[in-house]
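Each chain is listed here by its residues.
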Amino acid sequence: MLRRFQAQIRRRRGARGTHTVAIAVIAGGPSPTHPPQPPSRPLASDKQIPPASTSSTKAPFFTTPTPTSLLLSTRPSSPIPAPAPAPMASTAAPPAALVARRAASASAAAAPLRRAGLAAGCQPARSLAFAAGADPRLAVHVASRCRAASAARGTRAVATMAKKSVGDLTAADLEGKRVLVRADLNVPLDDNQNITDDTRIRAAIPTIKYLLSNGAKVILTSHLGRPKGVTPKFSLAPLVPRLSELLGIAVKKAEDVIGPEVEKLVADLENGAVLLLENVRFYKEEEKNDPEFAKKLASLADLFVNDAFGTAHRAHASTEGVTKFLKPSVAGFLLQKELDYLDGAVSNPKRPFAAIVGGSKVSSKIGVIESLLEKCDILLLGGGMIFTFYKAQGLSVGSSLVEEDKLELATSLLAKAKAKGVSLLLPSDVIIADKFAPDANSQTVPASAIPDGWMGLDIGPDSVKTFNDALDTTQTIIWNGPMGVFEFDKFAVGTESIAKKLAELSKKGVTTIIGGGDSVAAVEKVGVADVMSHISTGGGASLELLEGKELPGVVALDEGVMTRSVTV
Ligand SMILES: Nc1ncnc2c1ncn2[C@@H]1O[C@H](COP(=O)(O)OP(=O)(O)OP(=O)(O)O)[C@@H](O)[C@H]1O
Ligand SMILES: O=C(O)[C@H](O)COP(=O)(O)O
């Protein structure tokens, strides 16, 4: 039933699901390494990334309380005491006080820089540049911050960069050059081939505009859906009008991906023009990463820009294969921004750092939970996966979703959180239903008192309060997976409350990162996507990055050059 329902939801969303994005716009004026990137209309966020902490130590004031004492009452009839903040903060200074102390010491540390005429904002960039030497995954993030600081202050920052960026290419590198740009234009279309969410198209624009403004000829390639061979309903043709509108020029469209007809169109391409190739997955060689196909595709161009974050976890011909034949092969602005947030800001967050993980199954989130346990101070769990944790602790869960073969794993994750000093919070109360349906009868009960025949479909109001209190103490939050069956209004309150809380905290300067998939849909449903710090364009790609996996589409790109520079 759940699967059927989820399939319906996905179908409603369109061919390949709904994804939203924030564009990478780094503050500061134009410079060779910092191009102007005007989005055509305001996107989810065009904010500069807040300075990440350089501290590698975990906040010491959080302890993992015994899950049963913190969260699960054995007295079904009595209300469960609000658990989180008091026990969490009891071992040392309260979070707010500690955060204030840290802020004061950061301010003191920045004083000499201020005296030297450098704003405090520049200091974390320098620290990060230093830190990036030790952690290459931070380097792109570092480079961006250094550029932002330098562009704003008239200085050239010192930075190392793991991957070369399109922003490192100047007019001298680009004028008259044929640039193959891999974007992820996999947008949902309705039955009449209308685009129902153009976010991914808008997200691709800054990189293309930068190339055009520097006199390049852009050859744009993407997939759409998962066609088996040439399938007209997966043609990229419906994207041409919107692309043309956003770019302000008439985008040309090829009927093929490679071959003589495409070669002729490329030969006729003028500087500052765009040619969109047909769906690259019309060739089965694309997903097989066939070297011959990659070579033919690469032969159309002089250099390669990968801006397809949503497809960066795929080692396909157009993401990985072509890099073997095109030099340079560099990262686009969107790819950079996704890495900045999902890797940089999560690997080296402002603390306290909370992760919220929900969704249907523990099994689909094991990698993410384990990886986040290494990094976060607070871990809040919700969604269908919590019932496996409850059952692992001997509680009755009625007919709630449980993965029997993951009970031991759930127990070991709780133990791991405790060993690592991470505050892992499970909901103390749940909203239960007598059937899996929007019109089910429902009631709120303590998590320890789910009657037989009833299933938990959302977190309860006490849990929302506890989670909100815990989130109030944080400076960075990442969220992946809904708190309940938010597709049914009756069971959407937990998810929507968390979305609203994150929006409120975003406005107060907390870094909020939404990791893709259903949580993005929930944030959009509540109408707060615009205020979040970052909403990923990648579903699978963002999960893999959060799990600490390498993305082949990123790994294949050229290493960045070491830049050393001085104040001017
Ligand atoms: N208590 C629950 N019982 C059953 N299903 C639930 C429950 N809570 C949430 N869900 C379902 O979990 C689904 C989302 O789970 P999933 O693991 O796919 O999350 P996601 O990571 O956001 O999605 P994606 O994989 O697309 O990124 C939603 O469709 C929601 O209805
Ligand atoms: O929608 C996505 O997640 C990306 O476009 C990748 O698509 P894929 O899962 O079909 O490779």
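Residues numbered from 1 in each chain as written. Chains lettered and ligands numbered in written order. Predicted model: local features only at pLDDT ≥ 70, side-chain atom pairs only at ≥ 80, totals over all residues. Heavy atoms only, no water.

Overview of the site of ligand 1
Looking at ligand 1, there are 23 residues lining it, with Ser360, Lys365, Gly456, Glu487 and Asp518 nearest. One nitrogen or oxygen atom from the main chain of Gly456 is found 3.0 Å from a nitrogen atom belonging to ligand 1. Computed on the free molecule, ligand 1 has an accessible area of 650 Å², of which 89% lies beneath the protein chains in the complex. Elements with a minimum of two residues in the shell around ligand 1: helix 1 (2–13), strand 12 (455–459) and helix 19 (518–526). (Near = heavy atom within 4 Å. Polar contact = N/O pair within 3.5 Å; in protein donor to acceptor, adjacent residues only side chain to side chain. Areas by Shrake-Rupley, 256 points an atom, 1.4 Å probe, with all protein chains shown as cover. Helix = DSSP H or I, 4+ residues; strand = E, 2+ residues; numbered from the N terminus.)

Focus: the packing of helix 18 (residues 493–507) against helix 19
Two numbers describe how helix 18 lies on helix 19: the axes approach to 9 Å, and their chain directions differ by 75°. In terms of orientation, helix 18 lies roughly perpendicular with respect to helix 19. On helix 19, the residues touching Thr495, Glu496, Ala499 and Lys500 of helix 18 are Ala522, Val523, Lys525 and Val526. Looking at the contact of helix 18 with helix 19 residue by residue, the classes come out as four nonpolar, one polar and three charged. (Axes fitted to C-alpha atoms, helices over the stretch in contact; angles between N-to-C directions. Parallel < 35°, antiparallel > 145°, perpendicular 65-115°, else oblique. Contact = heavy atoms within 4.5 Å. Nonpolar A, V, L, I, M, F, W, Y, C, P; charged D, E, K, R; others polar.)

Considering the site of ligand 2
In the region of ligand 2, ten residues are neighbours, and Asp184, Asn186, Arg226, Arg281 and Arg314 sit closest. Within the side chain of Asp184, an N or O atom sits 2.8 Å from an oxygen atom of ligand 2. In this structure, Arg281 approaches ligand 2 through a side-chain N or O atom, which is 2.8 Å from an oxygen atom. Across the shell around ligand 2, the residue classes break down as no nonpolar, four polar and six charged.

A word on the sheet that holds strand 11 (residues 442–446)
Read from one edge of the open sheet, three strands run 11-10-12, paired in antiparallel fashion. Edge positions in the sheet fall to strand 11 and strand 12, since each of these pairs with one other strand and no more. Each strand axis lies, on average, 40° off the axis of its neighbour in the sheet, ignoring direction. The pairing of strand 10 (residues 429–433) with strand 11 spans five bridges and is classified as antiparallel. Residue Val430 lies in a different strand from strand 11, and its bridge partner there is Val445. Sheet strands touched by helix 17 (residues 461–472): strand 10, strand 11 and strand 12. Its angle to strand 12, the strand with the most contacts, is close to 40°. (Pairing = 2+ DSSP bridges.)

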